[in-house]
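For reference, the chains in residue letters:
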Amino acid sequence: MQTGALMLAILIGYAGKRFGFFGHDDYKLLQTLIFNITLPAAVIQSFAKNDHDLRMFWVILLGFLATLVPLLVIYAVERRQSKRSRGFQMLVGTTFNVGSFALPVITTFLGAGAGVAVVMFDTGNAIMCAAGSLVLTNLLLHLDANWDGMTARQKCRTIARNFYSSVPFDMYMVMIVMLLTGIPVPDPVVMVITPFANANTFLSMVMVGMMMEIPHARGEIVDMAKVLGWRLAVAVVAALAAWFLLPLAPEVRMVVAITAFAPISIFSTKFADQTLDRGELAGFSLTVSAIISLLIMAGLCAWMPTLL
């Protein structure tokens, strides 16, 4: 029911745009609210309300590698494609929508205790998801038209700015430092940010619906199909790595394997929009990916506990 509500929120955003309740560019206002207010608040809430066991460092590492390695693989495999197609696949096909999708789905099926492993995976995913994928794609493909004319110092400043100008990335880094140093999030802070954090998932899904546009051009359909193919391939490899390689309890390995089938990240829609002007295709890809992920994750939540 919770995941169905997420899909309904996407439909509300799409229908609102179709019937003229929302303007064509109104989603940009939601982007500003989400990426600067509600998503950072959700990050704080996640660290404050979920246990983070540093003994599960391997889950964080897997979350990071599962986003970094596929981006480099796509860059190499798709080297004969246009920069526009290549960049879209690298930005949209490699990161995971964990907090807004996988976490509520898995905890609904497997209970609140499963959330610990999910959040640890998201900690590794966040490094690439919140800024790293954009920085690395820009670095490899020179999506910035001024890149080739920059000095080495200007390039370093641009790379650094892409990281520190991402409020969610900054918040993840602050929370990780607090976690490592044993500093808890103060209760008054949690109380203040909770209303904003609770609004994040709904606003994110509405934004995706407002950005979404069903593709008609053959090139767009091909690029979306490739992204969905990469998304599934990455999920399968990451799930197998979690199940067979993580030196952790079977229950933890099971949860991480299911988390690997999370859909396309909400960040990718923003990155595809601001660098390639393909936010509408990214939004539709996310919606299709979410439907596929829901079916797969529900099936795995029913089947994998029988393996324990």
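Residues numbered from 1 in each chain as written. Predicted model: local features only at pLDDT ≥ 70, side-chain atom pairs only at ≥ 80, totals over all residues. Heavy atoms only, no water.

A. Inspection of the pattern of salt bridges at higher detail. Applying the stated criterion across every chain yields a total of four salt bridges. Here Glu213 ties to Arg18 by a salt bridge, and the two come within 2.2 Å at their closest N and O atoms. Of this pair, Glu213 sits in the loop between α9 (187-211) and α10 (218-245) while Arg18 sits in helix α1 (residues 2-18), placing them 195 residues apart in sequence. Arg278 serves as the salt-bridge partner of Asp223, at 2.9 Å between the closest nitrogen and oxygen. (Salt bridge = Lys/Arg side-chain N within 4 Å of Asp/Glu carboxyl O. Helix = DSSP H or I, 4+ residues; strand = E, 2+ residues; numbered from the N terminus.)

B. Summary view of a nonpolar patch on the surface. A cluster of nonpolar side chains, namely Leu29, Leu33, Ile37, Val192 and Phe196, defines an oily patch on the protein surface of about 460 Å² accessible area. Only α2 (27-49) and α9 provide two or more residues apiece to the nonpolar patch. It is α2 that contributes the most residues to the nonpolar patch, three residues altogether. Inspection of the secondary structure assignment puts Ile37 in helix α2. (Patch = residues over 30% accessible without salt bridge, like charges linked within 9 Å, V, L, I, M, F, W, Y side chains within 5 Å. Areas by Shrake-Rupley, 256 points an atom, 1.4 Å probe, with all protein chains shown as cover.)

C. Local environment of the packing of α10 against helix α13 (residues 279-303). Two elements in contact, α10 and α13, have axes whose closest approach is 10 Å; the angle formed by their N-to-C orientations is 35 degrees. As α10 runs across α13, the sense of the crossing is right-handed. Residue-level contacts link Glu220, Asp223, Met224, Leu228, Arg231 and Leu232 of α10 to Leu281, Phe284, Ser285, Val288, Ser289 and Ile296 of α13. (Axes fitted to C-alpha atoms, helices over the stretch in contact; angles between N-to-C directions. Left-handed = near helix turned anticlockwise from the far one by under 90°. Contact = heavy atoms within 4.5 Å.)

D. Focus on the environment of Tyr14. Of note, Tyr14 is situated in helix α1. Judged by relative accessible area, Tyr14 falls into the buried class, the value being 16%. Distance from Tyr14 to Ile221, taken between C-alpha atoms, is 19 Å for residues 207 residues apart in sequence. (Buried < 20%, exposed > 50% of the residue type's maximum accessible area, 1.4 Å probe, protein only.)

Shape is all these values report; function is a separate question.
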